[in-house]
Amino acid sequence: MEYDKGRVGGGSHRERPSTPNLLQSSISIQEHENGTFSMANNQGHSSSDDAGNDVARRQETSESTTSVSPSPSPTATSLRASISSQRPKSRESRPNSKQQSRQHSRHEPFAGSSTNGTHETHPSNLIANQKPASHYSSNPLGMRPEWSHWEKICLRIQNLPPTTTTCDVWFLFKNHGEIVSIDLFERKSTGERDGTGRVYFRPPPTKQFWQDFMIVDIRGKPAKIKVELQKRLPSSRVQTSNGQNYPSLISLQMRALQFGVLAHENEMLPLRTIRNNHNRFRFSLDADLDHKRLEIIFACTIQDPRREDPTIQHPDPIGKVEMPQEYKAQIPFAHLKKIIFIDIDDSTWALLIPLPAPPAFYVKHDVAGSHSDSRCIWSIRDAWDRIVDITYDTSWFKNDPVMLPKANHFIDIGRWTMYRLIFPKSILGDWAVMRPALQDFNISVDYKTSEEFSTITTQVPSFWGKLEPRKLNEWEPNSNLSLLADTEEIHLPYRVRYQLEACISQGFLNEIDITTEFLQRLADLSKDHTKRRDRANDLLMYISQPHTVGRLENLDKIDEKRIYDPMKLFKDKKALSHYPEIALPENTQWVRKVVVTPTTMYLSNPAPEAMNRVLRHFAKYQDRFIRVQFTDEISKGRIFPTPGTTQDNALFNRIHRTLSNGIRIGGRHFQYLAAGNSQFRENGAYFFCPDDFITCDYIRNWMGDVAHIRVVAKYAARLGQCFSTTKLPKSSPIGQTIVHIPDIEHNGWCFTDGVGKIAPSRAKFLIQNLTSSNVATHIPAVFQFRLGGSKGILTQWPDVPFNDVHLRPSQNKFECSSRGLEIIKTSRFSVAALNRQTIMILSCLGVPDFVFEEKMKKQIADYESAMEDPRVAMQLLSKYIDQNGVTTTIAQMIVDGFMNTKEPFFMTILEVWRAWSMRLLREKARIVVDQGAFVFGCIDETRTLRGYSELEEAAESTESRNKKDPSKLPQIFLQVPKTGIRPGETGEYKVITGICMLGRNPSLHPGDIRVVEAVDVPALRHLRDVVVFPAVGDRDIPSMCSGGDLDGDDYFVVWDPELIPLEWNYPPMEQDVLQPKQLKRDVKVSDLISFFVQYMKNDSLSTIAHAHLAKCDMLPEGPKDPQCIELARLHSKSVDYPKTGQEAHLKSSLRPRHFPHFMERPPRKSYHSKKILGRLYDQVAKVEFKPKLDGAFDERILRRYALNEDTLKAVRMIKRQHDKAMKQIMNQHDIETEFETWSTFVLTKPRVGSDYRRQEIMEPVITSHRERFRQACIKLAGSRDPKVLYPVIAAAYVVTWEEVQIILGRIRREGQEQGLSKDEIPLISFPWVFEYELGRIATSQDAFELEEVPKPSMALLDDNVDDDEEEFERLVSAGIIADEDGNESHSSEGHELSRPDMNETVEDLVVLEEDEETGMDALAKLNLR
């Protein structure tokens, strides 16, 4: 990858300022701020892109093409526009010279464009061959023409040369007015430009310059073009939900703009003031109602810092890039909580805009360089580039690590998120228009006087130097920490330093409030730490812990979580008594996570995370690992790829800088280590802080020998194998032997790609050691695994000895010293479901549309009935088994009577299930198929099943494919449980026989869906919950299903006769043989970093998938259309991008012009689809989910036991920990409610990444969470014996019920009968970590110990902290609280007994004791031959 040397590359480092303040050199506001001025222009609004409903922008950008050579602009008086000799370079090849523009737009190796992409005008919006009316083109009386009063005008151009670009058109007309957008039209059939286009001016030009025919020069060649004025475009107005109409753009001209922070709830500390001193640039607040956002537009000149500090050394001439530059901040309405109007004096007023996180900032560059030859649309928005900081020259700090405190800023846009906009009172009339419009978009406006909300001017000392003063020869001269001059050192341990920075990054604390006294008190607290407690860390954890219950008094505050006086914490009993987290279960570790955004970073509290091979091996160094994820600003979510463009260049530079230079947190310097494969796709990586012995290179070398791999993408993928989340069962008692067996190959196809073998007895041994108890109820047929450098699946086969693991060459990826057999997941049954892609393909293959419609109607009706009828609910939950088996858990809760008692947690979970199912029906067309399965794939080692015959398929035409001859179909074997079998339990299974439809998600090509014959093979009946593919034939079946293999891929199999296609086995997609990019040298870490950033920028997978879906709906042949076939091919290439390094380029001709309404794009880009997906979408109404806690808790549990106060006290403490942990999971995974988290039925889309695998990702998270708090309660009880344990479980239910009654009572007393806000809702999922045991308690036949429901304690749980120290020691002694290393005191009681009432267990299972046994003893218990 080619990087700009002035931005992130090499080069000598310049000396930095030695003693500037953290926030700015002068905190007090000066009327004569050096280098700060701005200018306003009352001419048109150049940043608006709305030139009528037919001016649309796509969400994705097209690939770059060859740049255009520069040329001068034409004169305004000449009709001949010569732009052939000195045209400016297009965006793809725009130079990075600082002389041309500010460094923000010039120092970017990448380029990004607007995420909306290319515009293609709908044919219905064209006004073709229309002669302009006389009043459009002439004005004999000298009066102003009618069009001059319009908001905007549109000129249609015809007869343009086919090679004409938007830049050519811009140069033709740029001197005649403010051009806001240009469209060039393309032929639908070829995608080539047809010589017509449109130019939009806003406001209209001052005089008419166009004629019916004009002779112009384009690229040195004369062209006779026709220019016509189009009909008046509708005024851009927006109608709000209450029916009011407003202009789409409302603008207020500012006098000044201040950036700062809250000093107190009613005080702002301005840290930089920009004044409007000239009128050349815009200086305004714009309310863009069409795009639902505010824009703050300003300009300033940044003074060279060497003018104030001559000690700064840099070879550039002083003032070289001192020039005015125009900036803007975009604030989405959804990101705004309130705006405060402040009446300052008789002539001025102000708006205060507080934001919880920074918005996106942009800088404007030269318009000529913003065009792209490859795109047929241009908008003035393309002239704005994203920036990550506002500073004199970003290249001066290119080698610095990323850290929270910044020295290299003129305005710290990542931290100064309080904006004060000052206006003259002469524009109060414009505000009177804007204010109600904002209020209609749910933005509250408060009114205060300057006395009620004031500004202060205080010099703020920096505290960072006291924590980490500058030391000679410790850091490089350019370190950000060179700003720290104070040498008074205060030592805080790393974890306290980290937690302090976490509180600052999350906004709980601010630097301006942190004093030396506060730091010294933290240090004193930390000095007294014990083995299990560091009170300084505990206090900071208390500050940043997720709020379990909102406080009413905080709801109206500007910043409800901010602590303005940290010293008060040392007098807060709850803060000082806060105790450490409950110990983690096995195979889980505390991991710190850092989210790096364009302008700042957020440090999260340590969170439990399932282990991988690296974390497990280097567990002693766990506090030296951090997980890093790169996202856009909080208000924007993920960073969208921008292939071939440069607008978002600064974002990718910041990522590259972070990966290259590392991150500095708490005095430690973390360096890039590697990325797991799923982590890589979600823009994340692991970082590690080296010590004297363990370095990143040492860890990478330990991970495996990959030096022979010269393909960077493959190299990264092999390292990523080591970060797969795995469990490590106990080793075999007699050792382990790796036996290498050959792959089954034919015609260049590998039939056994990823498949190995294992003994059934070893499978039993593995599954026993994977469960919390040592008794397993079901032995999976297949294990997905990692073993050294090998990966894939292991299938149990009777002929394999116990200690053997049979591996094939296709599974061996690299050599590794690790020899443990790690398990990722095991085979299990879940129900099959259709989705939009499979429905579209099945429809084009002949499945009647009414089949899908009828199935959806029935499913919707069943969901409605299930909410009232337990019998229907039981049937659905038992049939529609999700991949995590949660539905069967809910079904068991119905059996236990919780639906009859209307238990609030159960009823809410049922509502979540319905809302989740209905959401997927609407958004994904997820129609559950009763007669279907979604399972792992494996291979027929007996070679009994009939394979695929290529010769027969090639000889068949479409007509012959419609002939049904099952004898020619490939065969599969599938054995699934009968309806109602609970996952993890034994029961009756049935072998599926007959014609089946088979595929793999995602399926985009008609040949991805295969028709096969399911048969019964007795030799394969030991394989359950997997689909077995033939090992013979001309080609393997999995590779025909979207390029699948057998290393852990899931396949859907459907035997519903209504869903079998009429056209059998459309020819599979031809697989491109991609040659990976290979280096001629060894791969370096810098290559991994470059590929990481390249992938983020160029990954077009979702763009291609959306284009395919839209084209399938739009084109008559659907998925069979050549355009859709090409998109399917590109999608396959994009899927392999992380392995091959070959990105997929999406041509502009393959980009949809408009989208079907079910894709939920803006109305001007949409049409109403009449095809099957459109009709299905219209059937499903949106289902809103809102938790309800007004139901009565189950008396069967509340009255079961007479509980003593000591038990309730201890359980309350565990519940507090549970609720904090649950809130942390919700925050970490962007989940709204605990019910979605508990069930893994998540209703919201993740801020980063896809929701396609969300349920699968959440399963290990919530499983670990449940196990963690199950173990805590079991240890508190001291035994798993139901007589001892069940009262503790009942106590968990009682304290949860008490908390709900307390909160509801308080709400009723305060008159809030309308219900609870989201932050006020108490969490009630704690007792349901024992959902099975609660059922046993509820259905017990024993007599109740209480005659009536007890009265709840009316004291708030968090207020009773006097005895917490004593209770803490009790929990420590029970091993419930972790020690300082995250370890726990393991007691044998937590493992001694199995789950009670387990009647159905696999015969001959052996429970291996915790005590070590000899290998022969263990083998004897396994009854091995």
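The rules behind each value
- Residues numbered from 1 in each chain as written.
- Predicted model: local features only at pLDDT ≥ 70, side-chain atom pairs only at ≥ 80, totals over all residues.
- Heavy atoms only, no water.
- Buried < 20%, exposed > 50% of the residue type's maximum accessible area, 1.4 Å probe, protein only.
- Helix = DSSP H or I, 4+ residues; strand = E, 2+ residues; numbered from the N terminus.
- Pairing = 2+ DSSP bridges.
- Core = buried A, V, L, I, M, F, W, Y, C linked by side-chain atoms within 4.5 Å.
- Contact = heavy atoms within 4.5 Å.
- Expected span 1.5 Å × (residues − 1).
- Polar contact = N/O pair within 3.5 Å; in protein donor to acceptor, adjacent residues only side chain to side chain.
- Salt bridge = Lys/Arg side-chain N within 4 Å of Asp/Glu carboxyl O.
- Phe/Tyr/Trp six-rings, centres within 6.5 Å; stacked < 30°, edge-to-face > 60°.
- Lys NZ or Arg CZ within 6 Å of the ring centre and 35° of its normal.
- Axes fitted to C-alpha atoms, helices over the stretch in contact; angles between N-to-C directions.
- pLDDT = per-residue confidence, 0-100.

### Some remarks on the pairing of strand β12 (residues 284–288)
Here is the key point about a regular strand: its side chains alternate between the two faces of the sheet.
For step 1, the next point in the chain: The element β12 is extensively covered by neighbouring structure, given that five of its five residues are classed as buried.
For step 2, the next point in the chain: The side-chain alternation of β12 yields two buried faces, one formed by S284, D286 and D288 and the other by L285 and A287.
For step 3, the next point in the chain: Here five bridges tie strand β9 (residues 249–253) to β12, and the two strands are oriented antiparallel to one another. In the strand pairing of β12, I250 is matched with A287.

### Examining the nonpolar core
For step 1, the next point in the chain: The biggest cluster of nonpolar side chains holds 116 residues, and the ones touching the most others in it are L834, I839, F852, F906, L1173, L1176 and I1214.
For step 2, the next point in the chain: Among the elements that line this core, the one with the most residues is helix α32 (residues 1282–1309), at 13 residues.
For step 3, the next point in the chain: Leave out the neighbours within four places in its chain, and I1214 touches I582, F1269, A1272, C1273, L1276, F1326 and I1376.
For step 4, the next point in the chain: In terms of nonpolar packing, the next biggest core, distinct from the first, is built from 89 residues, A674, A685, Y686 and F688 among them.

### Quick notes on helix α25 (residues 1122–1135)
Residue pairs three or four apart in sequence face the same way in an α-helix, which turns once every 3.6 residues.
For step 1, the next point in the chain: The terminal C-alpha atoms of α25 lie 20 Å apart, and with 14 residues this matches the ideal 20 Å at 1.5 Å per residue to within 8%.
For step 2, the next point in the chain: Those residues of α25 that fall on the buried side of the exposure criterion are Q1123, C1124, L1127, A1128, L1130, H1131, S1132, K1133 and S1134.
For step 3, the next point in the chain: Turning to α25, the residues buried within the fold contact α24 (1101–1114) and α26 (1137–1140).
For step 4, the next point in the chain: For α25, the capping residue at the N-terminal end is D1121, with a side-chain oxygen 2.8 Å from the backbone nitrogen of Q1123.

### Things to note about the pairing of strand β41 (residues 971–977)
For step 1, the next point in the chain: Of all seven residues in β41, seven are buried, a share of seventy percent or more.
For step 2, the next point in the chain: Residues Q971, F973, Q975 and P977 line one face of β41 and the alternating positions I972, L974 and V976 line the opposite face, and both faces are buried.
For step 3, the next point in the chain: Bridge analysis of β41 against strand β44 (residues 1010–1014) gives two bridges, and the strand direction is parallel. Along β44, the bridge assignment pairs Q971 with E1013.
For step 4, the next point in the chain: Two strands pair when backbone bridges link them, and β41 and strand β45 (residues 1026–1029) are joined in this way by two bridges, in the antiparallel orientation. Residue pairing across strands places L974 opposite V1027, the latter belonging to β45.
For step 5, the next point in the chain: As judged from the three bridges shared by β41 and strand β42 (residues 989–991), these two strands associate in the antiparallel manner. Residue pairing for β42: P977 is matched across the bridge by Y989.

### With respect to the pattern of salt bridges
For step 1, the next point in the chain: For the structure shown, the criterion picks out 58 salt bridges.
For step 2, the next point in the chain: Salt-bridge contacts for D534 lead to R495; the nearest nitrogen and oxygen are separated by 4.0 Å. Of the two residues, D534 sits in the loop between α7 (516–527) and α8 (535–544) while R495 sits in helix α6 (residues 494–505), which places them 39 residues apart along the sequence.
For step 3, the next point in the chain: Taking relative accessible area as the criterion, D534 reaches 3% and is therefore assigned buried.
For step 4, the next point in the chain: Linked by salt bridges that have partners in common, D288, R293, E295 and K328 make up one network.

### Concerning the packing of aromatic side chains
For step 1, the next point in the chain: Scanning the model with the defined rule gives 41 aromatic pairs in all.
For step 2, the next point in the chain: Ring geometry for F625 and F688: centres 4.8 Å apart, planes at 55°, overall tilted. Taken together, the residues span a long stretch of sequence, with F625 in strand β27 (residues 625–630) and F688 in strand β30 (residues 684–688) at a distance of 63 residues. Side by side, F625 and F688 carry an identical accessibility label, which is buried.
For step 3, the next point in the chain: Note on Y863 and W913: the rings are 5.3 Å apart at their centroids and 85° apart in plane angle, and the pair reads as edge-to-face. Of this pair, Y863 sits in helix α17 (residues 849–866) while W913 sits in helix α20 (residues 904–924), placing them 50 residues apart in sequence.
For step 4, the next point in the chain: For Y863, a relative accessible area of 1% gives the class buried.
For step 5, the next point in the chain: The class for W913 is buried, based on a relative accessible area of 2%.
For step 6, the next point in the chain: Pairwise contacts between aromatic rings join F898, F905, F1193, F1235, W1238, Y1293 and W1328 into one cluster.
For step 7, the next point in the chain: A cation over an aromatic ring shows up here: R1199 above the ring of F1344, its NZ or CZ 4.5 Å from the ring centre.

### Details of helix α29 (residues 1205–1228)
For step 1, the next point in the chain: Counted at 1.5 Å a residue, the expected span for α29 with its 24 residues is 34 Å, and the 34 Å between its end C-alpha atoms agrees.
For step 2, the next point in the chain: Counted residue by residue, α29 has 20 buried out of 24 residues, so it is predominantly covered.
For step 3, the next point in the chain: The N-terminus of α29 is capped by N1204, whose side-chain oxygen sits 3.2 Å from the backbone nitrogen of D1206.
For step 4, the next point in the chain: Looking one or two residues beyond α29, the residue adopting positive phi is D1230, at roughly 55°.

### Focus: the sheet that holds strand β2 (residues 153–158)
For step 1, the next point in the chain: With antiparallel pairing, the six strands of this open sheet are ordered in space as β5-β6-β2-β4-β3-β18. Bordering the open sheet on either side are β5 (213–218) and β18 (377–379), each of which pairs with just one other strand. Each strand of the sheet is rotated relative to its neighbour by a mean of 25°, with strand direction disregarded.
For step 2, the next point in the chain: Sitting on the sheet, helix α3 (residues 166–173) touches β2, β3 (179–186), β4 (193–201), β5, β6 (221–229) and β18, and the angle it makes with β3 is about 135°.

### Brief notes about the sheet that holds strand β31 (residues 737–740)
For step 1, the next point in the chain: Across the sheet, six strands lie side by side as β31-β37-β34-β36-β35-β38; this open sheet has mixed pairing. Pairing within the sheet leaves two strands with one partner each, and these edge strands are β31 and β38 (821–826). With direction set aside, neighbouring strand axes in the sheet form an average angle of 35°.
For step 2, the next point in the chain: Relative to β38, strand β35 (residues 782–787) runs antiparallel, the two being bridged by five bridges. Across the sheet, residue F785 finds its bridge partner in β38, namely I823.
For step 3, the next point in the chain: Along the sheet, helix α15 (residues 760–770) contacts β34 (755–758), β35, β36 (790–796), β37 (804–807) and β38; its crossing angle with β38, the most-contacted strand, is approximately 80°.

### So, the confidence of the model for the protein chain
For step 1, the next point in the chain: Here the protein chain averages 80 in pLDDT, while 80% of its residues score no lower than 70.
For step 2, the next point in the chain: At the low end of the mean pLDDT range in the protein chain sits strand β1 (residues 38–39), at 34; at the high end sits β45, at 97.
For step 3, the next point in the chain: Low confidence marks residues 1–138, where pLDDT is under 50. Its contacts with residues over four positions away, or in another chain, come to 523 contacts.
For step 4, the next point in the chain: For residues 471–486, every residue scores under 50 in pLDDT, and the model assigns this stretch 50 contacts once sequence neighbours within four places are set aside.

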